[in-house]
Amino acid sequence: MGTVVFSDVHADADALGLVAAFIQDPSFQERFGPVDTIINLGDLLHRGNCPEPTLSLMSDLSGKFRLISVIGNHDHAYLNGVPVSGSDEISTFRHEQLRGSPLLGIFTDMPMEWVDQGVLFVHGGPLDLGTQTLRLKCWQRLSHTAGDSFTGYHYTASMAFEALERRGLSFMVCGHQHTRVCCRKTPEGINDHLIRYIPEKDPAGSSSRIDVARVPMDMPTLFRIGGCHGDRPEFAFLDGTAFTFIRLARPSRCGAPFA
């Protein structure tokens, strides 16, 4: 069985709905394999204009799959009253309307991370740096240099691999920064693996195109997936032998301000 992973929906219910429909189509199982688990890497909220439909979709998915969620920095900010940028007036208004909704129950006791079969799933980063907001795992950011920042603590790939090794883990899957990255630890050192998307026709037979990039899980690797929002939502599928980056291409319709 396999696991679908997505991150940074940012209240774009149409993008999440597109991914949900795609993974539930029988052709997905034929092409990639069966799905029994979905992992949401956080940031369901903020920026987009459809927070309530987004959380309703998550509730629906929880009735069909084993659904695991870890908290994102925007979720953390919304729940704790931390001001962050990126939401327009409509988004802010609709998120405020959501206060008190039972749909927010999804965030009750939501963890910072999830570990399964040697893989660390986290929104931002793997470092235990205390309780200061910008040093929490949901705020950390993968970077070429390390140090504190107003956007969240920056860590390097070598720091991440060291943190994983101390825990006996080989892989990390994160989101947060909306861009895909693959860092591989080879005997010669840490290398940035070029993610080569291969365009394919939607196996469901529609006119939509999907882009696929498969990376074997044969050495310690950091996987960062792109955002599941906008007109090209991204997600991933892993089955223990390979990690597959997947990007859909179909316009979003629910007013999320992304390119």
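Below, the structure is looked at part by part. (Residues numbered from 1 in each chain as written. Predicted model: local features only at pLDDT ≥ 70, side-chain atom pairs only at ≥ 80, totals over all residues. Heavy atoms only, no water.)

## Comments concerning the overall build of the protein chain
Spelled out, the test is: Secondary structure elements follow DSSP: runs of H or I of four or more residues count as helices, runs of E of two or more count as strands, with numbering from the N terminus. Only C-alpha atoms enter the radius of gyration; for comparison, a globular chain is expected to reach 2.2 Å times N to the power 0.38, where N is the number of residues. To sort residues, take the accessible area from a 1.4 Å probe on protein chains only and compare it with the maximum for the residue type: under 20% means buried, over 50% means exposed, and anything in between is partly exposed. In what follows, a contact means two residues having at least one pair of non-hydrogen atoms within 4.5 Å.
For the protein chain, the helix and strand inventory stands at six helices and 15 strands. Against the globule reference of 18 Å for 259 residues, the protein chain gives a C-alpha radius of gyration of 17 Å, in line with a compact fold. Taking the principal axes of its C-alpha atoms as reference, the protein chain extends roughly 50 × 50 × 30 Å. Counting over 259 residues, the protein chain shows a buried share of 52%. Intrachain contacts of the protein chain at a sequence separation of at least 6 include 71% that bridge at least 24 residues.

## Some points on the sheet that holds strand 11 (residues 198–201)
Operational definition: Note: two strands are recorded as paired if DSSP finds a minimum of 2 bridges between them. The axes used here are C-alpha line fits, helices contributing only the stretch in contact, and every angle between their N-to-C directions lies in the interval 0 to 180 degrees.
Here seven strands make up an open sheet; going across it, the order is 3-2-1-14-15-12-11 and the pairing mixed. Edge positions in the sheet fall to strand 3 (66–69) and strand 11, since each of these pairs with one other strand and no more. Across the sheet, the mean angle from the axis of one strand to that of its neighbour is 25°, orientation sign disregarded. Inspection of the sheet shows strand 14 (residues 234–238) paired to strand 15 (residues 242–249) by five bridges, in the antiparallel sense.

## Details of the nonpolar core
Looking at soluble globular proteins, one finds that nonpolar side chains tend to be buried together. Basically, it comes down to this: In this description, a nonpolar core means a group of buried Ala, Val, Leu, Ile, Met, Phe, Trp, Tyr and Cys residues linked to one another through side-chain atoms lying within 4.5 Å.
Counting 36 residues, the largest nonpolar core has Val4, Phe6, Phe28 and Phe235 as its most contacted members. Only strand 1 (2–6), helix 1 (13–24), strand 2 (35–40), helix 3 (51–62), helix 4 (73–80), strand 12 (209–216), strand 14 and strand 15 provide two or more residues apiece to this core. Per element, the largest residue contribution to this core is six residues, and it comes from helix 1. Excluding residues within four positions of it along the chain, Phe6 makes contact with Leu16, Ile38, Ile39, Asn40, Leu41, Met58, Ile225, Cys228, Glu234 and Phe235. Counting residues in hydrophobic clusters, the runner-up holds 21 residues, among them Val5, Val173, Cys182 and Leu238.

## Concerning the pattern of salt bridges
We count it as follows: What counts as a salt bridge is simple: a side-chain nitrogen of Lys or Arg found within 4 Å of a carboxyl oxygen of Asp or Glu.
Applying the stated criterion across every chain yields a total of 13 salt bridges. Between Lys137 and Asp128 there is a salt bridge, and its shortest N-O distance comes to 3.0 Å. Of the residues examined, Lys137 reaches a relative accessible area of 9% and is grouped as buried. Of the charged contacts in the structure, one is a salt bridge between Asp148 and Arg135, with a shortest N-O distance of 2.8 Å. Here Asp148, found in the loop between strand 6 (141–142) and strand 7 (154–155), pairs with Arg135, found in the loop between strand 5 (119–122) and strand 6; they are 13 residues apart in sequence, far enough to count as distant.

## A word on helix 1
Just so we agree on the cut-off: Each residue after the first adds 1.5 Å to the expected span of a helix.
Taking 1.5 Å per residue, twelve residues should reach 16 Å; helix 1 reaches 16 Å between its end C-alpha atoms and fits that length. Where helix 1 is concerned, the buried positions are Ala13, Ala15, Leu16, Leu18, Val19, Ala20, Phe22 and Ile23.

## Quick look at the packing of helix 1 against helix 3
How we decide: An angle counts as roughly parallel when it lies under 35 degrees, as roughly antiparallel when it exceeds 145, as roughly perpendicular when it falls between 65 and 115, and as oblique in every other case. The hand of a helix crossing depends on one turn: near helix anticlockwise from the far one by less than a right angle means left-handed, and clockwise means right-handed. Residues are sorted three ways: Asp, Glu, Lys and Arg are charged, Ala, Val, Leu, Ile, Met, Phe, Trp, Tyr, Cys and Pro are nonpolar, and all the rest, Gly among them, are polar.
Contact geometry of helix 1 with helix 3 gives a least axis separation of 9 Å together with a crossing angle of 20°. Of the possible angle classes, the one that applies to helix 1 and helix 3 is roughly parallel. Both helix 1 and helix 3 take part in a crossing whose hand is left-handed. Here Ala13, Leu16, Gly17, Ala20 and Gln24 of helix 1 come into contact with helix 3, specifically with Pro53, Thr54, Leu57, Met58 and Leu61. The residue makeup of the contact of helix 1 with helix 3, split by class, is seven nonpolar, three polar and no charged.

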